[in-house]
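Listed here are the chains, written in short residue letters.
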Amino acid sequence: REKQRLQDLLTERDERIRRMEEDVTRIRKDPHLLHPAIQRLRKMGLNTPALAALGERWAGYVLGRISMAMELGHCAFRSVFANHAVGGYLTEESFKAVITQFEASIKSDQLTRLWFFADFDGSG
């Protein structure tokens, strides 16, 4: 009985893994299922293999660290925004300037990718 139960459990888990692998394959093939930022990056040819693993979780993590650094540095979000906004919006260049103040080691291509996640609809 125990052997049969374990075999059934193993079969069930194998089936779940197979379904998840199918889902991953389907998502990779169908760009409409991807985050809007990744869709834009793909259209512009910027979703390189070296950066493809840096998704929305990575962007959230980096932006969260920057948010914490701003709080620890007693930098009010409104004042940072007011100092860097152009016409009421952060442009790509002003966004990158703000980010590099708090995350100096971020690479240029990562910074561009982060911008796409921050401005995922392309509105600025």
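The structure reproduced in this document is the subject of the present report. (Residues numbered from 1 in each chain as written. Predicted model: local features only at pLDDT ≥ 70, side-chain atom pairs only at ≥ 80, totals over all residues. Heavy atoms only, no water.)

1. Some thoughts on helix α5 (residues 92–102)
Where we set the bar: For the exposure calls, accessible area comes from a 1.4 Å probe over protein chains only, and a residue counts as buried if that area is under 20% of its type's maximum, exposed if over 50%, partly exposed in between. Secondary structure follows DSSP: runs of H or I at least 4 residues long count as helices, runs of E at least 2 residues long count as strands, and numbering of each begins at the N terminus. Contacts are residue-level and defined by heavy atoms, with any inter-residue pair within 4.5 Å sufficient.
Those residues of α5 lying buried are S94, F95, K96, V98 and I99. In the core, the buried residues of α5 are packed alongside α3 (56–72), α4 (77–84) and α6 (108–118).

2. Observations regarding the packing of α5 against α6
Operational definition: Here the axes come from fitting lines to C-alpha atoms, over the contacting stretch only for helices, and the angles between their N-to-C directions go from 0 to 180 degrees. Throughout, the term roughly parallel applies to angles under 35 degrees, roughly antiparallel to angles over 145, roughly perpendicular to angles from 65 to 115, and oblique to all others. Handedness of each helix crossing follows the sense of rotation of the near helix against the far helix: counterclockwise by less than a right angle gives left-handed, clockwise gives right-handed.
Here α5 crosses α6 at 115°, and the two axes come no closer than 10 Å. Judged by the angle between their axes, α5 and α6 are roughly perpendicular. Every pair of crossing elements has a handedness; the one defined by α5 and α6 is right-handed. Residues E92, F95, K96, I99 and T100 of α5 touch α6, and the partners they reach there are L111, T112, L114, W115 and A118.

3. Things to note about helix α2 (residues 36–43)
Threshold: Here the arc refers to the set of directions running from the helix axis out to each C-beta atom.
Among all positions in α2, only A37, I38 and L41 are buried. Here the buried residues of α2 occupy an arc of 95° about the axis, which is enough to place them on one side. The secondary structure elements touched by the buried residues of α2 are α6. Looking one or two places after α2, you find G45, whose phi comes out positive at around 75°.

4. Digging into the environment of I38
Looking at where I38 falls in the secondary structure, it is placed in helix α2. Sequence separation between I38 and G55 is 17 residues, and the spatial gap between their C-alpha atoms is 7.8 Å. Each residue touching I38, except ones within four places of it in the same chain, is listed here: N47, R113 and F117.

5. A few points about the pattern of salt bridges
Operational definition: Whenever Lys or Arg places a side-chain nitrogen within 4 Å of a carboxyl oxygen from Asp or Glu, that contact is recorded as a salt bridge.
In total, this model carries six salt bridges according to the counting rule given. Between R18 and E22 there is a salt bridge whose closest N-O contact spans 2.2 Å. Taken together, the residues span about one helical turn, with R18 and E22 both in helix α1 (residues 2–29) at a distance of four residues. Taking relative accessible area as the criterion, E22 reaches 42% and is therefore assigned partly exposed. Salt bridges sharing partners connect three or more residues here, namely E15, R18, R19 and E22.

6. Concerning the nonpolar core
For clarity, the threshold we go by: In this text, buried Ala, Val, Leu, Ile, Met, Phe, Trp, Tyr and Cys residues form a nonpolar core when linked through side-chain atoms within 4.5 Å.
One finds W58, V62, I99, I106, L114 and F117 to be the most contacted residues of the largest nonpolar core, which totals 21 residues. Listing elements by their share of this core, those giving two or more residues are α2, α3, α5 and α6. Sequence-distant contacts of L114, defined by excluding residues within four places in its chain, comprise W58, A59, V62, L63, F95, I99 and I106.

7. Observations concerning the side chain of R113
For the record, the criterion: Counted charges follow a simple rule, with Lys and Arg positive, Asp and Glu negative, and His plus the chain ends left uncounted.
Following the sequence through the fold, R113 ends up in helix α6. Of the side chains bearing the opposite charge, D109 lies closest to the buried R113, which forms no salt bridge; the N-O distance is 8.8 Å. Non-local contacts of R113, meaning those with residues more than four positions away in its chain, are made with I38, L41, L46, N47, L51, A52, L54 and W58.

8. A look at the environment of R40
Defined as follows: For this analysis, a polar contact is any N or O atom pair within 3.5 Å, provided that within protein one partner can donate a hydrogen and the other can accept it, and provided that sequence-adjacent residues contribute only side-chain to side-chain pairs.
Inspection of the secondary structure assignment puts R40 in helix α2. Judged by its relative accessible area of 22%, R40 falls in the partly exposed class. Only 2.6 Å separates the side chain of R40 from the backbone oxygen of D119, close enough to count as a polar contact.

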